[in-house]
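Breakdown of the fold
Listed here are the chains, written in short residue letters.
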Amino acid sequence: KINNVKIIGNTAVLTGGGIYIDDASHPMFNNIEVRNNLGEWSGGGLFCDSQSNPKFIDAVFVSNSALYGGGAIQSLNNSNPLFKNVIIKNNSVTNYNSEGNSEGGGCLFESGSDPYLYNVSITGNNAVDEGGGINSNNGASPTLVNVTITNNTAGSGSGYYKGQGSPYIINSII
């Protein structure tokens, strides 16, 4: 368990400016603040890869950024993080990558990632291209329960941009 921690002002040359989780890891984070981190490629606040299933309870992801994807959070490759009682606010993706993408100002879920979001607020995030609040694509199927997605901006899908995948959304505001 990782409790009562602040992760502030870090920079990764590639991914995971604040936190990088990989190789089927399953850490639990309680009462954490992830703020003002930069992933120069993606996952400004959090990068979650390779069948990892972390849990974030009572967490705040604020003012993180990435150049190409997942300003606050990027999860991919069959990783299934849990976010409960979380605020994702004022995060951004600021450039286009070589494929012309700039995705998921708040969250980018892709490549079989099936995150579970419960009682989450996603607000004030920005992506130059797709999914200001959330971008889910390439087989990602997030579950959203009691999630509020408001006041996000993007070229397409300011609140939620859905590509390939089957999200499950209940009792939520977009």
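You'll find the structure just up there.
What this report covers is the structure whose coordinates are included nearby. (Residues numbered from 1 in each chain as written. Predicted model: local features only at pLDDT ≥ 70, side-chain atom pairs only at ≥ 80, totals over all residues. Heavy atoms only, no water.)

1. Let's talk about the sheet that holds strand β6 (residues 46-48)
Two orientations exist for strands paired in a sheet by backbone hydrogen bonds: parallel and antiparallel. Keep this limit in mind: Strand pairing follows a simple DSSP-based rule, namely that at least 2 bridges must link the two strands. Strands are runs of DSSP state E lasting at least two residues, helices are runs of H or I lasting at least four, and both sets are numbered from the N terminus onward. To get an axis, fit a line to the C-alpha atoms, keeping to the stretch in contact for a helix; angles then go from 0 to 180 degrees between the N-to-C directions.
Reading across from one edge, β3-β6-β9-β12-β15-β18 is the order of the six strands in this open sheet, with parallel pairing throughout. Each edge of the sheet is formed by a strand with only one pairing partner; in this case those strands are β3 (19-21) and β18 (160-162). Direction aside, the axes of adjacent strands within the sheet are offset by 5° on average. Relative to strand β15 (residues 134-137), strand β12 (residues 107-110) runs parallel, the two sharing four bridges. Residue pairing in the sheet places Phe109 in a bridge with Ser136 of β15.

2. Quick word on the sheet that holds strand β1 (residues 2-8)
Strand order in the open sheet formed by seven strands is β1-β4-β7-β10-β13-β16-β19, with parallel pairing between adjacent strands. Here the strands that pair on one side only, and so sit at the sheet edges, are β1 and β19 (168-170). Direction aside, the axes of adjacent strands within the sheet are offset by 15° on average. Across three bridges, the pairing between strand β16 (residues 143-150) and β19 is parallel. The residue of β19 that forms the bridge with Leu144 is Ile169.

3. Focus on the nonpolar core
The condition that has to hold: Throughout this description, the term nonpolar core refers to a set of buried Ala, Val, Leu, Ile, Met, Phe, Trp, Tyr and Cys residues connected via side-chain atoms within 4.5 Å. Think of it in three bands: residues with accessible area under 20% of the maximum for their type are buried, residues over 50% are exposed, and the middle band is partly exposed, with areas taken using a 1.4 Å probe on protein chains only. Residues count as neighbours in contact if any of their non-hydrogen atoms are within 4.5 Å of one another.
By size, the foremost hydrophobic cluster in this structure holds 26 residues, and its most contacted members are Ile19, Phe56, Phe61, Ile73, Phe83, Ile88 and Ile122. If you list the elements that add at least two residues to this core, you get β3, β4 (28-35), β7 (55-62), β10 (82-89), β12, β13 (116-123) and β16. Dropping the residues within four chain positions of it, Ile19 is found in contact with Ile7, Phe29, Ile32, Val34, Gly45, Leu46, Phe47 and Phe56.

4. With respect to the pairing of β16
In summary, the side chains of a regular strand alternate between the two faces of the sheet. Relative to β16, β13 is paired through seven bridges, and the arrangement is parallel. Looking at β16, one finds that Ile122 is bridged to Ile149.

5. Describing the pattern of salt bridges
Heads up, the condition is: For this document, the term salt bridge refers to a Lys or Arg side-chain nitrogen within 4 Å of an Asp or Glu carboxyl oxygen.
Counted by the stated rule, this structure contains one salt bridge. For Glu33, the salt bridge identified is with Arg35, shortest N-O distance 2.4 Å. Residue classification places Glu33 among the buried residues on the basis of a relative accessible area of 16%.

6. Description of the packing of aromatic side chains
As a reminder of what qualifies: Pairing of aromatic rings covers Phe, Tyr and Trp, the last counted by its six-membered ring, and requires centre-to-centre distances within 6.5 Å; plane angles under 30 degrees mean stacked, over 60 mean edge-to-face, and any other angle means tilted.
Under the criterion given, the structure shown has six aromatic pairs. For the pair Phe56 and Phe61, a centre-to-centre distance of 5.6 Å together with 65° between the ring planes defines the contact as edge-to-face. We note that Phe56, like Phe61, is buried. Feature note: the residues Phe29, Phe56, Phe61 and Phe83 constitute an aromatic cluster, connected by ring pairs.

7. Quick word on the side chain of Glu130
Here Glu130 shows up in strand β14 (residues 126-130). When neighbours within four sequence positions are excluded, Glu130 is seen to be in contact with Ser102, Glu103, Gly104, Asn135, Ala154, Ser156 and Tyr161.

In short, geometric facts, not functional conclusions.
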